[in-house]
Amino acid sequence: MDRVYVTRELPERLIDPLRQVTDVAMWDGDGPVPNDVLVSETSTADGLLCMITDAIGPSLLARASYLRVISQMAVGVDNIDTDECSRRGILVGHTPGVLTETVADSAFALLGAAARRLFEGEREVRSGKWGPWEPFHLTGGDLHNTTLGIVGMGRIGSAIARRAAGYEMRVLYSSPTSKDLPDADHVPLKVLLGESDHVVLSASLNVATRGLIGASELRLMRPTAYLVNVARGPLVNTADLIEALLSGRIAGAALDVTDPEPLPPDHPLLSLPNCLVVPHLGSASVRTRNAMAALAVENLIAGLEGWSMPAGFSTAG
Ligand code: DGY
């Protein structure tokens, strides 16, 4: 029987199909599995079910002589050295599709919260500073009838664009290739940044997108614009973002992901009133996380059995 290692405790009802066909060991401690445990468990495993918090790099892979399949419970696989996996003939699976709509919902929730300054208002109420109504207190930006710039037009970007139509937004997008989207214009990133009232990042993290938004890009944005990141923290240069938020170069930001992640409680981003940070919750609905875990299990079983994975990751996209 193949031996698999699962790097986070998942509900038994979801793991059960895996137990039927493999010998399952599972990390059941608090938080991510420590790296030394991960390396040692993977060195005897045929399959690995892992999370974005697990670093799957060359040295771990070099010791994983039996490993044939890695199945990640996430769409992003930037924590996995996928080139090294393909050199070693290790299949990689991930969970696209099942989380698309939930992440797009999160993008709009964050955009609304940032642009309408809801978190600033909430903080005020909780701290006992809710005074009499004032004509221009905590006024922010609108969502409806504005221009939304979407950086990265994959499944999640398209789902965000569909929601934007309901807000009667004009949609611009930048992505390496133009898509067949009648209601969204493919434009260079610089044009998008200059013309958008709000910018949402939904691109995957890779060598081309790391540090995509830095000081010069933030300078192109409108001072009334809000930046939302539901992709990966390192798309944005954190020091440059702090500077842009502090100086009023942009109006605000709402971040589901940060660099570093998690942010230490004394991190400067957390002291900025115009920055909302939530702890990587983009896909965190009960239904979606269940679907992600179930798909990760299906991918792992399929890969180990020699069937085609329902959602295999390919560097070709
Ligand atoms: C992903 O799937 O890549 C998310 O960031 C985790 O939900």
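The model shown is predicted, which means the values in this text are computed figures rather than measured ones. (Residues numbered from 1 in each chain as written. Predicted model: local features only at pLDDT ≥ 70, side-chain atom pairs only at ≥ 80, totals over all residues. Heavy atoms only, no water.)

### Some words on the overall build of the protein chain
So, step 1. Looking only at helices and strands, the protein chain features eleven helices and twelve strands.
So, step 2. For the protein chain, the C-alpha radius of gyration of 21 Å lies close to 20 Å, the compact-globule estimate for 317 residues.
So, step 3. Residues counted as buried form 50% of the 317 residues belonging to the protein chain.
So, step 4. Taking as baseline every contact in the protein chain between residues at least 6 positions apart, the subset at least 24 positions apart corresponds to 58%.
So, step 5. Carbon and sulfur atoms form 54% of the exposed surface of the protein chain, whose accessible area is close to 15,300 Å².
So, step 6. Of the side-chain charges in the protein chain, 26 are positive and 37 negative, and the distance between the mean point of each set is 3 Å. (Helix = DSSP H or I, 4+ residues; strand = E, 2+ residues; numbered from the N terminus. Rg over C-alpha atoms; globule rule 2.2 N^0.38 Å. Buried < 20%, exposed > 50% of the residue type's maximum accessible area, 1.4 Å probe, protein only. Contact = heavy atoms within 4.5 Å. Areas by Shrake-Rupley, 256 points an atom, 1.4 Å probe, with all protein chains shown as cover. Lys, Arg positive; Asp, Glu negative; His and termini not counted. Charge placed at Lys NZ, Arg CZ, Asp CG, Glu CD.)

### Side note on the sheet that holds strand 3 (residues 47-50)
So, step 1. A sheet is described by the order of its strands in space; here five strands give the open sequence 2-1-3-4-5, paired in parallel fashion. Only two strands of the sheet have a single neighbouring strand rather than two, namely strand 2 (22-26) and strand 5 (91-93). The mean inter-strand angle of the sheet, taken between neighbouring strand axes irrespective of direction, is 15°.
So, step 2. With respect to the sheet, helix 11 (residues 286-305) is in contact with strand 1 (2-6), strand 2, strand 3, strand 4 (69-72) and strand 5, its orientation differing from that of strand 4 by roughly 170°. (Pairing = 2+ DSSP bridges. Axes fitted to C-alpha atoms, helices over the stretch in contact; angles between N-to-C directions.)

### Overview of the site of the ligand
So, step 1. If you check the shell around the ligand, you find Ala74, Val75, Gly76, Leu99, Arg232, His280, Ser283, Arg289 and Met292 and nothing else.
So, step 2. A distance of 2.7 Å separates an oxygen atom of the ligand from a polar side-chain atom of Arg232.
So, step 3. Contact distances for the ligand include 2.6 Å between an oxygen atom and a side-chain N or O atom of His280.
So, step 4. Protein burial of the ligand: of its 230 Å² of free accessible surface, 90% is covered by the chains.
So, step 5. Here the shell around the ligand is built from residues that sort into four nonpolar, three polar and two charged. (Near = heavy atom within 4 Å. Polar contact = N/O pair within 3.5 Å; in protein donor to acceptor, adjacent residues only side chain to side chain. Nonpolar A, V, L, I, M, F, W, Y, C, P; charged D, E, K, R; others polar.)

### A closer look at empty space enclosed by the protein
So, step 1. Applying the stated criterion across every chain, the model contains one cavity of 30 Å³ or more.
So, step 2. Roughly 50 Å³ of volume is contained in the largest cavity.
So, step 3. Lining of the largest cavity is provided by Asn229, Gly233, Val236, Thr238, Leu241, Leu255, Val257, Thr258, Asp259 and Leu269.
So, step 4. Here the residues of the lining of the largest cavity sort into five nonpolar, four polar and one charged. (1 Å grid on protein atoms, 1.4 Å probe; cavity = no way out; pocket = protein on both sides within 12 Å on 5 of 7 lines; lining within 4 Å. Points joined across faces, edges and corners; volume = space filled by probe spheres on them.)

### Notes on the packing of helix 1 (residues 12-21) against helix 11
So, step 1. Close contact between helix 1 and helix 11 brings their axes to 9 Å; oriented N to C, the two are set at 10°. By the angle between their axes, helix 1 is roughly parallel relative to helix 11. Residues Arg13, Leu14, Ile15, Pro17, Leu18 and Val21 of helix 1 form the contact with helix 11, whose participating residues are Asn290, Ala293, Ala294, Val297, Leu300, Ile301 and Glu305.
So, step 2. Among the residues making up the contact of helix 1 with helix 11, the classes are represented as ten nonpolar, one polar and two charged. (Parallel < 35°, antiparallel > 145°, perpendicular 65-115°, else oblique.)

### Description of the pattern of salt bridges
So, step 1. Overall, the coordinates contain 14 salt bridges when judged by the stated rule.
So, step 2. Two residues, Asp105 and Arg163, come together in a salt bridge whose shortest N-O distance is 2.9 Å. With Asp105 in helix 5 (residues 100-115) and Arg163 in helix 7 (residues 155-166), the pair connects residues that are 58 residues apart, well separated along the chain.
So, step 3. Classification of Asp105 as partly exposed rests on a relative accessible area of 43%.
So, step 4. For Arg170, the salt bridge goes to Glu195, with nearest N and O atoms at 3.0 Å. One end of the pair, Arg170, is in strand 7 (residues 170-174); the other, Glu195, is in helix 8 (residues 189-195), and 25 residues separate them in sequence. (Salt bridge = Lys/Arg side-chain N within 4 Å of Asp/Glu carboxyl O.)

### A few points about the packing of aromatic side chains
So, step 1. Within this structure, the stated rule accounts for one aromatic pair.
So, step 2. Measuring from centroid to centroid gives 5.0 Å for Phe108 and Tyr167, while their planes differ by 20°, and the two rings are stacked. With Phe108 in helix 5 and Tyr167 in the loop between helix 7 and strand 7, this pair connects stretches of sequence that are 59 residues apart.
So, step 3. Judged by relative accessible area, Phe108 falls into the buried class, the value being 8%.
So, step 4. Among the residues examined, Tyr167 registers a relative accessible area of 35% and is labelled partly exposed. (Phe/Tyr/Trp six-rings, centres within 6.5 Å; stacked < 30°, edge-to-face > 60°.)

### Focus: the domain arrangement of the protein chain
So, step 1. For the protein chain, the assigned domains are domain 1 (3-97 + 286-305) and domain 2 (100-277).
So, step 2. Across the boundary between the two partners, domain 1 contributes six residues, which contact five residues of domain 2.
So, step 3. Of the roughly 540 Å² buried between domain 1 and domain 2, counting both surfaces, carbon and sulfur atoms make up 46%.
So, step 4. Contact with domain 2 buries area across many residues of domain 1, yet Asp78, Gly97 and Thr288 alone supply 65% of it, more than any other trio.
So, step 5. Here domain 1 is connected to domain 2 by one salt bridge.
So, step 6. For the pair domain 1 and domain 2, the number of links is three residue pairs in polar contact (both at pLDDT 80 or more).
So, step 7. Its residues placed into classes, the side of domain 1 that touches domain 2 shows two nonpolar, three polar and one charged. (Domains from an automatic or database assignment. Buried area = accessible area lost by both parts, 1.4 Å probe.)

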